[in-house]
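Listed here are the chains, written in short residue letters.
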Amino acid sequence: MSQASQTPPDAPVVTRIAPSPTGFMHIGTARTALFNWLYARGRNGRFLLRIEDTDRVRSTPEAAEAIVRGMRWLGLDWDGEPVSQWAMRERHAAVAREMLARGSAYKCFATQDEIEAFRAAARAEGRSTLFRSPWRDADPATHPDAPYAIRIKAPQDGVTVIRDQVQGEVTIRNSELDDMIVLRSDGSPTYMLAVVVDDHDMGVTHVIRGDDHLNNAARQMLVYDAMGWQVPVWAHIPLIHGPDGKKLSKRHGALGVEDWQAMGYPAAALRNYLVRLGWSHGDDEFFTDAQARDWFDLSGINRAPARLDPKKLDNLSGKHIAATEDAALVAQVQEFLAATGRDPLDDGQVERLGRAMYCLKDRAKTYIDLIEKARFCLVERPVQPDEKAAALLTDEARALLAELTPHLQTASWMRDTLEAEIARFNDARGLKFAVLAGPLRAALAGRTATPSVFDMMLVLGRDETLARLQDSAG
Ligand code: GLU
């Protein structure tokens, strides 16, 4: 059984996210980061960022930047500077040598050929192929003057128990653990060593990460034990699955945080959605950051994998957009336009969009959706109708718009009077409202799906409304 003690419950909380910069920022990483961030922020703790860039072949600076960008966009602020794991390699190597000095690790001179021969023989005899180094108990006097790896002296019997906050007690037989290498013969530290040294040095108290790392935890415990360090609280969270219940893969579509940003989801909506992926608080679905911070706890993490549900994301996103204050929403739209390389809004557009928000934000699921619905107040005259709208502007419809225009010239520009004016106009001609509504939408917005005709008129004002009607009346 592991000798190392677990972090006492009253220690100030320190969590971290430790992504490997080998591609884009995966939503799984985003969710893990979010869980760690919420856990720390809800407890006056610290949340740290470590870039695990020890794999020099696969790690790229661009991928590290994508992670930083993704974190910033999601609003997951970390304390201090990001730590580069690669930059700490001397320290990792020093710890491996300290293990030697403590007698909890040993120099292993076995060559690759010898290891392979050992495995072949073990296979032939039907024994475990875990390498058992002959150097474990060798007298140092017999050490050759040759390159060596440093291996940890793992316990050979008994069990290692991981007390996991999500998975419960996970017991691994020590006979299944080998004397893993912590420092290779070329002097480079192994990943398994680096993670533990960094977590220890960064003062990490809680390791919340994907359950694909659960097996690593058993081996990492060996490092804590070998150094007599305090083991953090573990919480290995089930991975995210696709809507079909299968492990996430490219065929499930967009999996990068930047993709979701480009689709126009507000960061707050994504935070809400991601925290519900694998964690629950009663039946609550929609909540603010402050609520999530107050409520988030490891005990609410589900043991079954969460499934992506795009409909639910749309739904939550719509609720967040609707709940955002108009001015803040305009600012978010501007940020979205800038982040996705679209043209910025000019002052007039900003002003009109702000005035239109009341009739837009209740129905939009994304910023893209919102911008499309806001088209009527963003475009300049003459409004170019799309195909469907153009089809509504028949000669008859144009004549009707021409007839209507003078009636609106004198009407007072308020919803009630406008409604009454148009109702009178329709009644006099025995027309249903729908007959006029289509051409009005087409004339005012160049679209067939728009906010209500009256909302558009009110936002555009009398002069702009009449001018657009005249443009289309032809
Ligand atoms: N670098 C690992 C990953 O990206 C995480 C390691 C950890 O959290 O301990 O999956």
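Anything mentioned here points back to the structure above.
A. Geometry of the site of the ligand. Within the structure, the ligand sits among Arg-16, Ala-18, Pro-19, Ser-20, Glu-52, Tyr-191, Val-195, Arg-209 and His-213. Separating a nitrogen atom of the ligand from a side-chain N or O atom of Ser-20 is a distance of 2.9 Å. A distance of 2.9 Å is found between an oxygen atom of the ligand and a side-chain nitrogen or oxygen belonging to His-213. Computed on the free molecule, the ligand has an accessible area of 300 Å², of which 80% lies beneath the protein chains in the complex. By residue class, the composition of the shell around the ligand is four nonpolar, two polar and three charged.

B. Spotlight on the sheet that holds strand S1 (residues 14-17). Read across the open sheet, the three strands follow the order S1-S2-S3; overall the sheet is parallel. The outermost strands of the open sheet, each flanked by one partner alone, are S1 and strand S3 (83-84). Across two bridges, the pairing between strand S2 (residues 46-51) and S3 is parallel. Across the sheet, residue Ile-51 finds its bridge partner in S3, namely Ser-84. The sheet contacts of helix H1 (residues 27-41) involve S1 and S2, and relative to S1 the element is tilted by about 165°.

C. How the structure looks around the pattern of salt bridges. Tallied over the full model, the rule gives 29 salt bridges. The salt bridge partner of Arg-41 is Asp-77, with a shortest N-O separation of 3.6 Å. With Arg-41 in helix H1 and Asp-77 in the loop between helix H2 (61-74) and S3, this pair connects stretches of sequence that are 36 residues apart. Between Arg-91 and Asp-201 there is a salt bridge; the shortest N-O distance is 2.6 Å. Taken together, the residues span a long stretch of sequence, with Arg-91 in helix H3 (residues 89-102) and Asp-201 in helix H5 (residues 191-201) at a distance of 110 residues. When salt bridges with common partners are traced through the structure, they connect Arg-16, Arg-50, Glu-52, Asp-198 and Asp-199 into a single cluster.

D. Quick look at helix H11 (residues 326-339). Helix length check: H11, at 14 residues, gives a terminal C-alpha distance of 20 Å against a target of 20 Å (1.5 Å per residue), a fit within 8%. Within the sequence span of H11, burial applies to Leu-329, Val-330, Val-333, Phe-336 and Leu-337. Buried residues of H11, seen end-on, are gathered within an arc of 120° and therefore sit on one face of the element. More than 90 degrees from the buried face of H11, the exposed residues found are Ala-327, Glu-335 and Ala-338. Two residues or fewer after H11 comes Gly-341, characterised by a positive phi angle close to 70°.

E. Local environment of unusual backbone geometry. Across the junction of Arg-381 and Pro-382, the peptide omega takes the value -10°, indicating a cis bond. Look at Asn-44: it is not a glycine, yet its phi comes out positive at around 55°. Tracing the backbone shows Asn-44 in the loop between H1 and S2.

F. Main features of helix H18 (residues 433-445). Taking 1.5 Å of rise per residue, the 13 residues of H18 would be expected to cover 18 Å, and the 17 Å separating its terminal C-alpha atoms lies within 8% of that figure. Residues of H18 that are buried: Leu-436, Ala-437, Gly-438, Pro-439, Leu-440, Ala-442, Ala-443, Leu-444 and Ala-445. On its buried face, H18 is in contact with helix H14 (375-378), helix H15 (387-392), helix H16 (395-410), helix H17 (415-429) and helix H19 (453-473). Positive backbone phi, at 75°, marks Gly-446, one or two positions downstream of H18.

What counts and how
- Residues numbered from 1 in each chain as written.
- Predicted model: local features only at pLDDT ≥ 70, side-chain atom pairs only at ≥ 80, totals over all residues.
- Heavy atoms only, no water.
- Near = heavy atom within 4 Å.
- Polar contact = N/O pair within 3.5 Å; in protein donor to acceptor, adjacent residues only side chain to side chain.
- Areas by Shrake-Rupley, 256 points an atom, 1.4 Å probe, with all protein chains shown as cover.
- Nonpolar A, V, L, I, M, F, W, Y, C, P; charged D, E, K, R; others polar.
- Pairing = 2+ DSSP bridges.
- Helix = DSSP H or I, 4+ residues; strand = E, 2+ residues; numbered from the N terminus.
- Contact = heavy atoms within 4.5 Å.
- Axes fitted to C-alpha atoms, helices over the stretch in contact; angles between N-to-C directions.
- Salt bridge = Lys/Arg side-chain N within 4 Å of Asp/Glu carboxyl O.
- Expected span 1.5 Å × (residues − 1).
- Buried < 20%, exposed > 50% of the residue type's maximum accessible area, 1.4 Å probe, protein only.
- Arc of directions from axis to C-beta.

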